[in-house]
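Residues per chain are reported as follows:
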Amino acid sequence: MSVRLLSTSPLVGESLQALGNSFPELLVASFRSPEWNAALISAEALVVMLSETITDSDLQSAPNLKVIGTYSVGVNHLPVSECAAKGITIVNTPEVLTDATADLALALLLAVTRRIAEGDALVRSGTWNGWGPEQLLGTSLTGKFCGILGSGPIGKGFAKRVWASGMKPLFWDRESRGGTVDFGAGSAPRLPLLEMLQQSIVLSLHCPLTEATRGLLDRNALLRLPKGAVIINTARGGILDEAAVIDLLETNQLGGVGLDVYANEPHLNPKWASAPRTVLLPHLGSATVETRTAMSSLLCNGIAKAFGASE
Ligand code: DGY
């Protein structure tokens, strides 16, 4: 069969099927399975997940390719400049996952600072002996500075949420711009990176992984944070030096870490399993029914539009 649309997974909702009906043939086959490999040669559009890296050599094997759709806002797993050079359109899913991801970042922050996972485990263990004045003491957020790496929609959405919790947002962005950021509920300064880190008792990552942000938070940068700072990462693992973070947790320099993303997912640094004061999630930033349905629709409409434009 001549495959026009090749997806590595069904998507939430009906959009992919509907797209397959309008632009046959649709094949759903696991990433790099023999079926997927064989279908690449005739594929005009690929749909991939954020964990599936497409290489320049895949583009060479797909001479008919016009569109790559990714079921994510992040495009760091795609050969963006090679696609541009070959006239291949990339379709991603911005905006529709802003609230879901900002919500999850806030959930991680509260889980770390209020020791939610430990409390849950204590109650379930059957060993809880009742309320105690010093039991599972956490850290308050009110009045403290929250550094936000990235002043795009998700960073602003997170700022709105921590502002509602009484925190004072501070921004840094990749362009190192100054001025202030209007995050919807108020405005906050945009500072040079080291200046922002020095004040941030909470630091949350909301920028894409690019050559400019890869390894940005290395040991030296992390040591600028106040002692006891909490880091939340719902962006991409490669921005943060994970080995340094684990070390700084073990030496009590960092107060806690909440992660939804990791370098080299799903193959985690084994030290995370025993790292103290951490809450670890399996990349759930956009994982609500409403958000994933909206992502499917946005992605499939974008692919249809790209097909329409090229026909
Ligand atoms: C994305 O879509 O790129 C995000 O990582 C979702 O969590």
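A quick note: this is a predicted structure, and the numbers were derived from the prediction, not measured. (Residues numbered from 1 in each chain as written. Predicted model: local features only at pLDDT ≥ 70, side-chain atom pairs only at ≥ 80, totals over all residues. Heavy atoms only, no water.)

Focus: the pairing of strand β11 (residues 229–233)
Then, number 1: Judged by how many residues are buried, β11 sits mostly within the fold: five of five residues are covered.
Then, number 2: Here β11 shows no split at all, with Ala229, Ile231 and Asn233 on one side and Val230 and Ile232 on the other all buried.
Then, number 3: Sheet analysis places strand β10 (residues 202–205) next to β11, joined by four bridges and oriented parallel. Counted as the bridge partner of Val202 is Val230 from β11. (Buried < 20%, exposed > 50% of the residue type's maximum accessible area, 1.4 Å probe, protein only. Helix = DSSP H or I, 4+ residues; strand = E, 2+ residues; numbered from the N terminus. Pairing = 2+ DSSP bridges.)

A few points about helix α1 (residues 15–22)
Then, number 1: Inspection of α1 places Ser15, Leu16, Leu19 and Gly20 among the buried residues, and these make up the whole buried set. Buried residues of α1, viewed axially, fall in a sector of 140°; they line one side. (Arc of directions from axis to C-beta.)

Notes on the domain arrangement of the protein chain
Then, number 1: Domain annotation for the protein chain reports domain 1 (5–94 + 290–310) and domain 2 (98–280).
Then, number 2: Once you take the C-alpha centre of each, domain 1 and domain 2 turn out to be 32 Å apart.
Then, number 3: If you look at the interface, domain 1 gives four residues, while domain 2 gives four residues.
Then, number 4: Interface area, domain 1 with domain 2, both sides summed: about 420 Å², of which 52% is carbon and sulfur.
Then, number 5: Summed over the three residues of domain 1 that lose the most area to domain 2, namely Leu50, Asn76 and Thr291, the buried surface amounts to 73% of that side. (Domains from an automatic or database assignment. Contact = heavy atoms within 4.5 Å. Buried area = accessible area lost by both parts, 1.4 Å probe.)

Describing the packing of helix α5 (residues 98–113) against helix α7 (residues 153–164)
Then, number 1: Viewed as axis vectors pointing N to C, α5 and α7 meet at an angle of 45°, and their least axial separation amounts to 8 Å. The angle between α5 and α7 falls in the class oblique. In this structure, α5 crosses over α7, and the sense of that crossing is right-handed. Touching Thr98, Asp99, Thr101, Ala102, Asp103, Ala105, Leu106 and Leu109 of α5 are Pro153, Ile154, Gly157, Phe158, Arg161 and Val162, all from α7.
Then, number 2: By residue class, the composition of the contact of α5 with α7 is eight nonpolar, three polar and three charged. (Axes fitted to C-alpha atoms, helices over the stretch in contact; angles between N-to-C directions. Parallel < 35°, antiparallel > 145°, perpendicular 65-115°, else oblique. Left-handed = near helix turned anticlockwise from the far one by under 90°. Nonpolar A, V, L, I, M, F, W, Y, C, P; charged D, E, K, R; others polar.)

Topic: the side chain of Arg190
Then, number 1: Within the secondary structure, Arg190 is located in the loop between β9 (187–189) and α8 (193–199).
Then, number 2: Among the polar contacts listed, one links the side chain of Arg190 to the side chain of Ser151, at a separation of 3.1 Å.
Then, number 3: Contacts of Arg190, omitting those with residues within four sequence positions, involve Ser151, Phe171, Trp172, Asp173, Arg177, Gly178, Gly179, Thr180 and Val181. (Polar contact = N/O pair within 3.5 Å; in protein donor to acceptor, adjacent residues only side chain to side chain.)

Some thoughts on the packing of aromatic side chains
Then, number 1: If you walk through the whole model with that rule in mind, you get three aromatic pairs.
Then, number 2: Ring centres of Phe31 and Trp36 lie 5.0 Å apart, and the angle between their planes is 70°; on these two criteria the pair is classed as edge-to-face.
Then, number 3: Accessibility expressed as a relative area gives 22% for Phe31, which makes it partly exposed.
Then, number 4: When its relative accessible area of 0% is taken as the criterion, Trp36 is described as buried.
Then, number 5: On the numbers, 6.4 Å between centres and 45° between planes, the contact of Phe171 with Phe183 is tilted. Of this pair, Phe171 sits in strand β7 (residues 168–172) while Phe183 sits in the loop between β8 (180–182) and β9; the two residues are twelve residues apart in sequence, bridging distant segments of the chain. This pair shows no difference in class: Phe171 is buried, exactly as Phe183 is.
Then, number 6: Lying over the aromatic face of Phe145, Lys168 brings its terminal NZ or CZ to 4.5 Å of the ring centre. (Phe/Tyr/Trp six-rings, centres within 6.5 Å; stacked < 30°, edge-to-face > 60°. Lys NZ or Arg CZ within 6 Å of the ring centre and 35° of its normal.)

Side note on the site of the ligand
Then, number 1: Around the ligand sit Leu50, Ser72, Val73, Gly74, Leu97, Arg236, His283, Gly285 and Ser286, and those are all the residues in its vicinity.
Then, number 2: One of the backbone nitrogen or oxygen atoms of Val73 is found 2.9 Å away from an oxygen atom of the ligand.
Then, number 3: Between Gly74 and the ligand, the recorded distance is 2.9 Å, taken from a backbone N or O atom to an oxygen atom.
Then, number 4: For the ligand, whose unbound accessible area comes to 230 Å², protein coverage reaches 96%. (Near = heavy atom within 4 Å. Areas by Shrake-Rupley, 256 points an atom, 1.4 Å probe, with all protein chains shown as cover.)

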